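# Chain and residue survey
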Amino acid sequence: MQTIYYDLRNTKGPQKEIADKITAAAKILQQGGLLGIPTETVYGLAANALDPEAVARIFQAKNRPQDNPLILHVTGAQWLPRYCRDIPPLAYVLARKFWPGPLTMILRCNREVVPSIITAGLDTVAVRCPDHAVTLAIIREAGVPVAAPSANTSGRPSPTRAEHVKEDLDGKIDVIID
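Residues numbered from 1 in each chain as written. Predicted model: local features only at pLDDT ≥ 70, side-chain atom pairs only at ≥ 80, totals over all residues. Heavy atoms only, no water.

### What about the overall build of the chain?
To keep it simple, the criterion reads: Each helix corresponds to a stretch of at least 4 residues labelled H or I by DSSP, and each strand to a stretch of at least 2 residues labelled E; elements are numbered beginning at the N terminus. The globule rule is 2.2 Å times the number of residues to the power 0.38, and the radius of gyration it is compared with is taken over C-alpha atoms. To sort residues, take the accessible area from a 1.4 Å probe on protein chains only and compare it with the maximum for the residue type: under 20% means buried, over 50% means exposed, and anything in between is partly exposed. For accessible areas, the Shrake-Rupley method is used with a probe of radius 1.4 Å. Any residue's cover is judged against the shown protein chains and nothing else. Under this rule, positive means Lys or Arg and negative means Asp or Glu; His and the chain ends count for nothing. Lys charges are placed at NZ, Arg charges at CZ, Asp charges at CG and Glu charges at CD.
Scanning the chain from terminus to terminus reveals seven helices and eight strands. Over its C-alpha atoms the chain spans a radius of gyration of 15 Å, differing by no more than 12% from the 16 Å that the globule rule assigns to 178 residues. Dimensions of the chain along its principal axes, counting C-alpha atoms only, are 45 × 35 × 30 Å. The buried share among the 178 residues of the chain stands at 49%. Looking at the chain as shown, the accessible area adds up to about 8500 Å², and 51% of this sits on carbon and sulfur atoms. Of the side-chain charges in the chain, 20 are positive and 18 negative, and the distance between the mean point of each set is 4 Å.

### Details of the nonpolar core
Selection criterion: Among buried residues, those of type Ala, Val, Leu, Ile, Met, Phe, Trp, Tyr and Cys that are joined through side-chain atoms within 4.5 Å constitute a nonpolar core. The contact definition used throughout considers only heavy atoms, calling two residues in contact when any of these lie within 4.5 Å.
Core analysis: the biggest nonpolar cluster contains 56 residues, and L35 and I118 have the highest contact counts within it. I118 has contacts with A49, V55, P69, L70, V125 and A147, leaving out every residue within four places of it along the chain.

### Quick notes on the pattern of salt bridges
Worth spelling out the cut-off: Here a salt bridge means any side-chain nitrogen of Lys or Arg lying within 4 Å of a carboxyl oxygen belonging to Asp or Glu.
Inspection of the entire model under this criterion finds seven salt bridges. The closest approach of N and O atoms between D168 and R156, which form a salt bridge, is 3.5 Å. With D168 in helix 7 (residues 162-169) and R156 in the loop between strand 7 (146-147) and helix 7, this pair connects stretches of sequence that are 12 residues apart. By relative accessible area, which is 15% here, D168 ends up buried. The salt bridge partner of R161 is E163, with a shortest N-O separation of 3.1 Å. Residue E163 is classed as partly exposed on the basis of its relative accessible area of 28%.

### Concerning the pairing of strand 2 (residues 35-38)
Let me state the cut-off plainly: Here the rule is simple: two strands pair whenever DSSP picks up at least two bridges between them.
Of the two faces of strand 2, the one lined by L35 and I37 and the one lined by G36 and P38 are each fully buried. What sits between strand 2 and strand 3 (residues 43-48) in their antiparallel hairpin is a turn of four residues. Alignment of strand 2 against strand 8 (residues 175-177), held across two bridges, turns out to be parallel. Looking across to strand 8, one finds that L35 is bridged to V175.

### Examining helix 1 (residues 15-30)
Just so we agree on the cut-off: For a helix, the expected span equals 1.5 Å multiplied by the residue count minus one. Each C-beta atom gives one direction from the helix axis, and the arc is the one those directions make.
Taking 1.5 Å per residue as the helical rise, helix 1 with its 16 residues ought to reach 22 Å, and the 23 Å between its terminal C-alpha atoms agrees with that figure. Listing the buried residues of helix 1 in full gives I18, I22, A25, A26, I28 and L29. Mapping the buried residues of helix 1 onto a view down its axis gives an arc of 155 degrees, with all of them on the same face. Remark: G32 follows helix 1 within two positions and exhibits a positive phi of approximately 95 degrees.

### Let's talk about the side chain of H73
So the rule is basically this: Side-chain atoms alone can form a polar contact between residues adjacent in sequence; in general such a contact is a pair of N or O atoms within 3.5 Å, and within protein one must be able to donate a hydrogen while the other accepts it.
Tracing the chain through its elements places H73 in strand 4 (residues 71-73). By relative accessible area, H73 is classed as buried at 2%. Only 3.4 Å separates the side chain of H73 from the side chain of R128, close enough to count as a polar contact. Those residues in contact with H73 that sit more than four places away from it in its chain are R128, P130, I139, P145, V146 and A148.

### Brief notes about unusual backbone geometry
Put simply, W99 and P100 share a cis peptide bond, and its omega is -10 degrees. Mapped onto the fold, P100 is located in the loop between helix 4 (89-98) and strand 5 (101-108). One non-glycine residue, D86, lies in positive phi territory at about 50 degrees. Structurally, D86 is set in the loop between helix 3 (80-83) and helix 4. A residue is classified by how much of its surface remains accessible, and D86, at 56% relative accessible area, is exposed. Residue A120 is not a glycine yet carries a positive backbone phi of 55 degrees.

### Focus on the packing of aromatic side chains
Using the following cut-off: By convention, a stacked pair of Phe, Tyr or Trp rings (six-membered ring in the case of Trp) has centres within 6.5 Å and planes under 30 degrees apart, an edge-to-face pair has planes over 60 apart, and any other such pair is tilted. In this scheme, the term charge over a ring applies when either NZ of a lysine or CZ of an arginine sits within 6 Å of the ring centre and within 35 degrees of the ring normal.
Across all of its chains, the model carries one aromatic pair by this definition. The residue whose ring lies beneath K97 is F98, and the NZ or CZ to ring-centre distance is 5.8 Å.

### Looking at helix 6 (residues 133-142)
Turning to helix 6, its buried residues are V134, T135, L136, I138, I139 and A142. Structurally, helix 6 contributes buried residues whose contacts are with helix 1, strand 2, strand 4, strand 6 (124-129), strand 7 and strand 8. In the stretch just after helix 6, G143 is the one whose phi turns positive, near 75 degrees.

Don't take any of this as a statement about function, it's just geometry.
Here's what the structure looks like:
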């Protein structure tokens with residue numbers, strides 16, 4: 001597999017060029033592909049969280065043990081009722097205050113919707129809203145939450161730049177967004 005590299009840094013071209021790449025990345029997610037995506041902390045390795053086969057590709061690409069749960073990335077608190085149940089009011093308070101941002105909440109999982117491969121069979125799911133405009137745009141465009149652990153081989157340092165993702169996962173994932 002050849003990894004495609006989308007460089008969106010300092011793009012001087014038309015906004016349509018950026019929008020087209022976001023749409024293309026969203027389609028890759030919808031079709032079961034893997035993306036290297038930026039967040040406000042590190043790069044994540046994203047797959048459609050509702051597609052167990054796509055999520056399994058994360059574990060394979062990272063060489064990650066399947067008993068290690070993944071974080072569900074959403075665009076905001078409005079998505080919580082879709083994927084979680086018995087949501088305490090405090091979760092909404094925290095989401096309003098800290099999302100988007102590097103706050104991960106552990107909530108009871110809606111197991112009828114979220115595949116058990118995400119939660120490693122647990123009754124809870126980790127949920128986060130990343131603070132990165134491009135990543136949020138991709139998730140919104142795809143219309144699905146993404147499972148997105150750090151975009152590195154397990155045991156290696158978490159990547160903070162697209163180049164790090166390319167060095168580690170080139171050929172194992174479909175697209176890297178810079």
